[in-house]
Structure formats: C-alpha cells, structure tokens
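# Results of the structural survey
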Amino acid sequence: MSATTLAPVPTGSSLPAALEGRTVVVVGGSSGIGLASATLLASVGARVALMARDEGRLSAAAESIRAASGSSVLTIAGDGTDEGALERAFEGLGRLDHVLVTAGGFAVGPLLSTPREQVGQVVDGRFWGTYGVARAAVPHLPPGGSITLSSGLYLNRPIPGASATIAAIGAVEGFTKALAVELAPLRLRVNALRYGVVDTPLSRGALGLADDASVAAAGQGAPLGRFATAEEAASAALFLMANNYMTGTVLSVDGGQSLV
Ligand SMILES: NC(=O)c1ccc[n+]([C@@H]2O[C@H](COP(=O)([O-])OP(=O)(O)OC[C@H]3O[C@@H](n4cnc5c(N)ncnc54)[C@H](OP(=O)(O)O)[C@@H]3O)[C@@H](O)[C@H]2O)c1
C-alpha cells in the first residue's frame, strides 16, 4: 500500500495500558533508564526485548524483570550500532510495535587536545547508531508504531569539554523532528526524551557518586530537591509510545533543571 493511501494514524487509549500485548525493543535495556522502561513495560503487559552488549548484565536485567513482573523477557546480545544485527533481531521478533533507544556513550575532552579519533566512536554510535536503529525498525513497524530516542540536558546547558558528544546529541534531536515528518505518511511516530540528571549507573559514575547518600546530597541543588529516578524517566517513554498523537516531540524530563 502506498503511504498516501494509508488511513489516519489509529486512535486508542493513550494510557500505558494500551501497550499491553505490544512488542517493544529497548536498545540499551540492561541498565538505567532502559531497564526501568523495560520493567514498566512488562508491568503493563508489553512483550519486551532488551538489547545490550554485555551478556551478563543483560541476563541479570531480564531476571530482575521476571522477578518483578512475572513476565519473561527476550534478550538480544549485541551492539545497537550494528544495523545488520538490528535487522536480524527485528526480523526474528515476528512483530514489532515500538523501539526505545537509550544506548549511548559520553566522550569528553577539550577541543584542542581531543582529536576526532578519540571521540569518533561515541559520536558515530550516538548519531549513526540511532540512524541504523530507525532504518532497521521502520520496515517492521505498524501504523501508530513509534521510535523514541534519547537526548540530554547538556544540549541546552552545555558543559565545557564535551562539545563533540553534545553536538551528536543535538543531531539526534534534529533527526527526531526530520524523521517524524518523513515517516508521518506511514503513520509512524518519532520522539525523543531530553533527560536532566537521572539517578542511574551512568550518572553515578560520571558524577562520582558512590552511594544513595551522595546521590541525595548532590540532588539537593536541583529545583525539586533531588535528581530524577530512572522510573520517572521511563514513564515519559511509555507516554510517548502509548499516545498515538505524539510525534516530532522532544520531551524534557528534567525537573526544571534546564530553567536554573
Ligand atoms: N542518566 C542521566 O542522568 C542521563 C542524562 C542525560 C542523558 N542521558 C542519556 O540517556 C541514555 C540512557 O542513560 P542511562 O543513564 O540509563 O545509562 P546506563 O545506565 O549506562 O545504561 C546504558 C545502557 O545502554 C547499553 N548500551 C550502551 N551502548 C550500547 C551499544 N552500543 N549497543 C547496545 N547497548 C548499549 C548499556 O549496556 P552495555 O554497555 O552492556 O551495552 C546499558 O544497558 C543515554 O543515552 C544517556 O546519555 C542520561
């Protein structure tokens, strides 16, 4: 069927319950926001597949979801920047409704002392990895299906010494909007989440926060008195997936951190 003859995007409940029975792949699902999203998705009855590179963390994540929800979870050990691996994974699922991408590294280094090779892998992974996920997913997504990407607060509140990674994050936001327009005739949706500091292994490592007490102390300076939980970030991802009228949106989940 050609795109121009497709019916409008389907209506339906915009509540997370509408994700029951849907198949969702979380690229970066073994930790942090991806794992919290997968756990929430399983709790509302979605069929979830986690993709990440480290097999040990992947099976531990799947086990933690099984323990929390009683649902079994599919695991795909692989690199989310490998378009071929993604194609094979999506093909093997039989059905695919939504994709969430939370994979993405953060490379730092001041401009003049940081040659391109030092940050190239992270920059490529962030942008071309996202591009490859979309290319692999689109042929499988039904009308109303969605792709949700990850961005971050540093795009509008940059820190010194991270220009390449921040530029790649900006590219992901630009891609979100451009692809939303391109895929709307297929009734597919593309959105991104722009996170403030979310309490995950990534942010704990980056900020040197060793335990819950240090996370709480560091979060006191945030407008709402703490950092986001991974579950709070995840619930925004489920909203974007479930609501069939959301596309081309970059939704901030930052507790007002971008305003101060
Ligand atoms: N946490 C924050 O405060 C914050 C703020 C702004 C933006 N963000 C962004 O939000 C996203 C999620 O962050 P997070 O804090 O949840 O990170 P996290 O806890 O480090 O989790 C990242 C997940 O992605 C997987 N991953 C990384 N590279 C991958 C690759 N090439 N292929 C497949 N899987 C890959 C990791 O597993 P493997 O390493 O085993 O593959 C892990 O499961 C990231 O893009 C991050 O930059 C986070």
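These lines cover the structure that appears in this document, whether it is placed above or below. The structure displayed is predicted, hence computed values, not measured ones.

Thresholds, definitions, all that
- Residues numbered from 1 in each chain as written.
- Predicted model: local features only at pLDDT ≥ 70, side-chain atom pairs only at ≥ 80, totals over all residues.
- Heavy atoms only, no water.
- Phe/Tyr/Trp six-rings, centres within 6.5 Å; stacked < 30°, edge-to-face > 60°.
- Helix = DSSP H or I, 4+ residues; strand = E, 2+ residues; numbered from the N terminus.
- Buried < 20%, exposed > 50% of the residue type's maximum accessible area, 1.4 Å probe, protein only.
- Near = heavy atom within 4 Å.
- Polar contact = N/O pair within 3.5 Å; in protein donor to acceptor, adjacent residues only side chain to side chain.
- Areas by Shrake-Rupley, 256 points an atom, 1.4 Å probe, with all protein chains shown as cover.
- Nonpolar A, V, L, I, M, F, W, Y, C, P; charged D, E, K, R; others polar.
- Salt bridge = Lys/Arg side-chain N within 4 Å of Asp/Glu carboxyl O.
- Contact = heavy atoms within 4.5 Å.
- Pairing = 2+ DSSP bridges.
- Axes fitted to C-alpha atoms, helices over the stretch in contact; angles between N-to-C directions.
- Patch = residues over 30% accessible without salt bridge, like charges linked within 9 Å, V, L, I, M, F, W, Y side chains within 5 Å.
- Expected span 1.5 Å × (residues − 1).

Before going further, it helps to spend a moment on the packing of aromatic side chains. All chains considered together, the criterion is met by six aromatic pairs. With centroids separated by 5.2 Å and ring planes inclined at 80°, the aromatic side chains of Trp-128 and Tyr-131 adopt a geometry described as edge-to-face. With a gap of three residues between them, Trp-128 and Tyr-131 both fall in helix α4 (residues 116-137), about one helical turn apart. With a centroid separation of 5.6 Å and an interplanar angle of 40°, the aromatic rings of Tyr-131 and Phe-175 are classed as tilted. Separated by 44 residues along the polypeptide, Tyr-131 in helix α4 and Phe-175 in helix α5 (residues 163-183) bring together distant segments of the chain. Since its relative accessible area comes to 34%, Tyr-131 is described here as partly exposed.

Turning our eyes to something else, we now look at the site of the ligand. Residues in contact with the ligand amount to 27 residues; listed here are only the nearest, Ser-30, Ser-31, Gly-80, Arg-126 and Thr-200. Within the backbone of Gly-28, a nitrogen or oxygen atom sits 3.4 Å from an oxygen atom of the ligand. Between the ligand and Thr-102, the relevant distance is 3.2 Å, taken from an oxygen atom to a main-chain nitrogen or oxygen of the residue. When the ligand is considered free in solution it has 890 Å² of accessible area, and contact with the protein chains removes 89% of it. Element by element, the count of residues in the shell around the ligand is highest for helix α6 (residues 201-207), at three residues. Looking at side-chain class alone, the shell around the ligand contains eight nonpolar, 14 polar and five charged residues.

We now examine unusual backbone geometry. The backbone phi angle of Arg-187 is positive, close to 65°, even though this residue is not glycine. Following the sequence through the fold, Arg-187 ends up in the loop between α5 and β6 (189-195). According to the relative accessible area criterion, Arg-187 is partly exposed, its value standing at 23%.

Relative to the elements of secondary structure, Ser-151 occurs in strand β5 (residues 146-152). Within polar-contact distance, the side chain of Ser-151 engages the side chain of Glu-173 at 2.5 Å.

Time to look at the pattern of salt bridges. Under the defined criterion, the tally for this structure stands at seven salt bridges. Two residues, Arg-135 and Glu-83, come together in a salt bridge whose shortest N-O distance is 2.7 Å. On the criterion of sequence distance, the pair formed by Arg-135 in helix α4 and Glu-83 in helix α3 (residues 83-93) is long-range, its members being 52 residues apart. For the salt bridge of Arg-204 with Asp-212, the shortest nitrogen-to-oxygen distance reads 2.7 Å. Look at Asp-212 and you get exposed, because its relative accessible area is 55%.

Our next topic: the environment of Thr-249. Relative to the elements of secondary structure, Thr-249 occurs in the loop between α8 (230-242) and β9 (250-253). Along the primary structure Thr-249 and Ala-180 are separated by 69 residues, whereas in three dimensions their C-alpha atoms are 8.6 Å apart. What Thr-249 contacts, discounting residues up to four positions off in sequence, is Thr-176, Val-190, Asn-191 and Ala-192.

With that settled, consider the environment of Gly-56. Residue position: Gly-56 is located in helix α2 (residues 55-69). With 21 residues separating them in the primary sequence, Gly-56 and Ala-77 have C-alpha atoms 9.5 Å apart.

Right, let's get into the sheet that holds strand β4 (residues 98-101). In a beta sheet, neighbouring strands are held together by backbone hydrogen bonds and run either parallel or antiparallel to one another. Spatially, seven strands are ordered β3-β2-β1-β4-β5-β6-β9 in an open sheet, and the strand pairing comes out parallel. Each edge of the sheet is formed by a strand with only one pairing partner; in this case those strands are β3 (74-77) and β9. Ignoring which end each strand starts from, the neighbouring axes of this sheet average 20° apart. Inspection of the sheet shows strand β1 (residues 23-27) paired to strand β2 (residues 47-52) by five bridges, in the parallel sense. Looking at β2, one finds that Val-26 is bridged to Leu-50. Lying on the sheet, α8 is in contact with β1, β4, β5, β6 and β9; it crosses β6 at an angle near 165°.

The subject of this paragraph is a nonpolar patch on the surface. A cluster of nonpolar side chains, contributed by Phe-106, Val-108 and Ile-159, occupies part of the molecular surface with about 230 Å² of accessible area. Its place among the elements puts Ile-159 in the loop between β5 and α5. Its relative accessible area of 32% is what places Ile-159 among the partly exposed residues.

Take α2 next. Taking 1.5 Å per residue as the helical rise, α2 with its 15 residues ought to reach 21 Å, and the 21 Å between its terminal C-alpha atoms agrees with that figure. Turning to α2, the residues buried within the fold contact α1 (32-43), β2 and β3. Backbone geometry just downstream of α2 places Gly-70 in the positive-phi region, at approximately 80°.

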